Structure formats: C-alpha cells, structure tokens
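Working through the structure, step by step
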Amino acid sequence: MSAQLLAGGPVAEAVLGEVKQRVDEMKAAGVTPGLGTILVGDDGPSASYVRNKHRTCEQVGIASHHHEISADAGQQTLLDAVRDFNENPEVDGYIIQSPVPDGFDFNESLALMDPAKDADGLHPMNLGRLVLQEPGPVPCTPAGIQAMFLHYDIEVAGKNVVVVGRGPTLGRPMSLLMANKGDAANAAVTVVHSRVPNLADYTRNADVVIGAVGIPSFITPDMVRPGAVVVSGGISWEGKKLLPDVDESVGEVASWITPRLGGVGPMTIAMLLRNTIWAAEARMPG
Ligand code: NAP
C-alpha cells in the first residue's frame, strides 16, 4: 500500500477532547448534557452502534437515555418515544437509529422530532439549514469526513469531488457540504448512483472519491485516478467483519485512503457528541 492513511481515530480524539472540556464546563455550571437514542428492532450492527455511542458518552461525561422498541411494537410506539424525548428536559439531543424495520416510517418520526434536539441533523428543518448554509447540526458521517479533510490538510476547494451514492444520511448531505462555501468545501461536486451507467467514467476523473453506497469493495483501483483521495463512508457487514465500500487494493493507486477499521466510524460518533453539546449549550439558560 502506497497511500497515506486517513485515520479517523486521532481526529475523533481531538473532537472528543473539546467535547469533554465543554461538558466539564457545563457540569461546573450545574448542567449535565444528555444524549438519547431510540433503537427499533434487533438489527445487530445498529445495536452495536448504539452501545458504542453510549460508551463514548460515558467517557466524556454525557448522560445516556435510551428507548428500545421491539420490531412488532408499531409506529405509534416509536412516535411516543420521540414525544418523550422531545419533552424530557434531561435529553438535549437524540437520534433515531436507522434503519428502522419494515412497518415503521422513519421520515414521519424524524419530522416529529424537536429540531433543536436533532443530534443527527436529519430533521427536515436542519437539512434545509444545510441547503441554506445556515448554522445547524450537520449529519454526523459527512461532517466527520469533512473534519478529516481539515485535519489532514486535504485540499477540496475547486477540486473535482465525486460522491458515489445519494442516500439521506451520507451521500446527499456529503455532496451539499462539499459544494457549500466554507473550509474543506467549495468543491465541484458530482453525485453518482445506481441509475448512472458507467459511473467509473466519473470517478476516474475525480480528485476525491467518497463511497456512500454500502456495497463491499464497490470502488476498485480501475475506478480511481492515480493520486486521488479515496474515502469509504459506506460500510456493510459480513458477520462481524466490517467491509468498506472501497477495496483495500485502491491503496496502491490513491494518495490517501481510509483504513478498513478506524476510518470514518470514530468520526461519526465524535460528531454526534459534538452536535449534542451544541444542542445542550443552545438550551442553557442565559
Ligand atoms: P442509502 O440510503 O443506503 O443509499 C445507498 C446509495 O447507494 C443510494 O443512493 C443508491 O443508489 C446507491 N447505490 C446502491 N447500489 C448502487 C450501485 N450498484 N451503483 C451505484 N450506486 C448504488 O444511503 P445512506 O443512508 O446515505 O448510507 C450510505 C452508506 O453509509 C451505508 O453503507 C451506511 O452503512 C453508511 N453509513 C456509514 C456510517 C459510518 O459511521 N461509517 C454512518 C452512517 C451511514 P439509488 O439512490 O439509485 O438507489
């Protein structure tokens, strides 16, 4: 492998260090910030993501709140959990872990959230703020990838960035962040997806390729221009093995690549906790 590693760990540590400092300050002022999670069904990876989120909360001193809903409980139970967190003053920010099982309407539950407590930045109002380039919580994985570009001094402005995938949690907000004004932004962005034939024609011309698909090894060396920066945001699982969208062999061609483990994942949690702290600070009196 000749590429340098875009490791999320050190960047996440720096973000969590800042988060912890702000938590300590809030606690000194008598406020303990709280993060809530709503987990629906028994999807193994989702349960593990939620556990990791709470474990990291504990490390930085954020209180955890949790609703676990069985796959057959029905949409009203999910909406009740959302209402509970909206009203609970100890919950500053919360998430509804996606995907939710068939029979649940994720978008309806998002729309019912108090946008001020939307720690994932997925409420329609907050996605609207991203489009309008107004301050607000930004979806955690794209925000984490952008923070990695900043940390590793990877130039994005004016570059040709291709995002593979247009899903709501990653591909779509990623493309907006990259095209918006700001640091580690101002890029020329192309979004490709399952209805684009010959999408390698696009990725091969990119300075930066961001996988947001969720298909193992979807991006292969022949799809990447030598020297490009290649990020695997999309992941999938084979049993307990995490499989990124970007094949490991792309490391022979790229200048930077995310490692299979410790790439974007740690950043997602760090940005979630940062969103939670921002929400808590906004709710503090005075
Ligand atoms: P999603 O809703 O799962 O959508 C996947 C996207 O991939 C869609 O736009 C789809 O195209 C596209 N796609 C699927 N098959 C394709 C193909 N053969 N060729 C080209 N494009 C194809 O997206 P998401 O919710 O944004 O999540 C994307 C990925 O991010 C998932 O793997 C998820 O696990 C991962 N993720 C990772 C983290 C992390 O911490 N690393 C956090 C959150 C999400 P169409 O729109 O045409 O169907």
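Reference entry: report on the structure contained in this document. Every value quoted in this text rests on a predicted model; they were computed, and no experiment measured them.

**Notes on the sheet that holds strand β4 (residues 93–96)**
Picture the strands of a sheet paired through backbone hydrogen bonds; they go either parallel or antiparallel. One open sheet holds the 3 strands; their spatial order is β3-β2-β4, and the pairing between them is parallel. Each edge of the open sheet is held by one strand with a lone partner, namely β3 (63–69) and β4. Adjacent strand axes in the sheet meet at a mean angle of 15° when their direction is disregarded. Examined bridge by bridge, strand β2 (residues 34–40) and β3 share 7 bridges and lie parallel to one another. Across the sheet, residue Leu39 finds its bridge partner in β3, namely Glu68. Helix α2 (residues 44–60) contacts β2, β3 and β4 of the sheet and is inclined by roughly 170° relative to β2. Contacts from helix α9 (residues 265–283) reach β2 and β4 within the one sheet, and its direction differs from that of β2 by about 125°.

**Let's talk about the site of the ligand**
In the vicinity of the ligand, 22 residues are found, and the nearest of them are Arg166, Thr169, Leu170, Ser194 and Thr268. Between an oxygen atom of the ligand and a main-chain N or O atom of Arg166, the distance comes to 2.7 Å. At a separation of 3.4 Å, an oxygen atom of the ligand approaches a polar backbone atom of Gly214. Burial of the ligand by the protein chains amounts to 68% of its free accessible area of 930 Å². Split into classes, the residues belonging to the shell around the ligand amount to 9 nonpolar, 12 polar and 1 charged.

**What to know about the sheet that holds strand β6 (residues 188–192)**
The 6 strands lie next to each other as β1-β11-β8-β7-β5-β6, forming an open sheet whose pairing is parallel. Two strands lie at the open edges of the sheet, namely β1 (4–5) and β6, each paired on one side alone. Pairing between strand β5 (residues 160–164) and β6: 5 bridges, direction parallel. Bridge pairing in β6 links Val162 to Thr190.

**What to know about the pattern of salt bridges**
Inspection of every chain in the model, using the stated rule, returns 6 salt bridges. As a salt-bridge pair, Lys20 and Asp24 come within 3.2 Å of each other at their nearest N and O atoms. Here Asp24 and Lys20 lie together in helix α1 (residues 8–28), a separation of 4 residues that amounts to about one turn. By relative accessible area, which is 37% here, Asp24 ends up partly exposed.

**Things to note about the nonpolar core**
Residues Ile62, Phe149, Ile210 and Leu273 are the most contacted members of the largest nonpolar core, which totals 48 residues. The set of elements that each furnish at least two residues to this core consists of α1, α2, α6 (140–151), β5, α7 (171–179), β7 (208–211), β8 (229–232) and α9. Here the element with the most residues in this core is α9; it accounts for 8 residues. Excluding its chain neighbours within four sequence positions, the residues that come into contact with Ile210 are Ile145, Phe149, Val161, Val162, Val163, Val164, Met174, Met178 and Val231. Within the second largest apolar cluster, 18 residues are counted, among which are Val162, Val196, Val246 and Val250.

Cut-offs and rules
- Residues numbered from 1 in each chain as written.
- Predicted model: local features only at pLDDT ≥ 70, side-chain atom pairs only at ≥ 80, totals over all residues.
- Heavy atoms only, no water.
- Pairing = 2+ DSSP bridges.
- Helix = DSSP H or I, 4+ residues; strand = E, 2+ residues; numbered from the N terminus.
- Axes fitted to C-alpha atoms, helices over the stretch in contact; angles between N-to-C directions.
- Contact = heavy atoms within 4.5 Å.
- Near = heavy atom within 4 Å.
- Polar contact = N/O pair within 3.5 Å; in protein donor to acceptor, adjacent residues only side chain to side chain.
- Areas by Shrake-Rupley, 256 points an atom, 1.4 Å probe, with all protein chains shown as cover.
- Nonpolar A, V, L, I, M, F, W, Y, C, P; charged D, E, K, R; others polar.
- Salt bridge = Lys/Arg side-chain N within 4 Å of Asp/Glu carboxyl O.
- Buried < 20%, exposed > 50% of the residue type's maximum accessible area, 1.4 Å probe, protein only.
- Core = buried A, V, L, I, M, F, W, Y, C linked by side-chain atoms within 4.5 Å.

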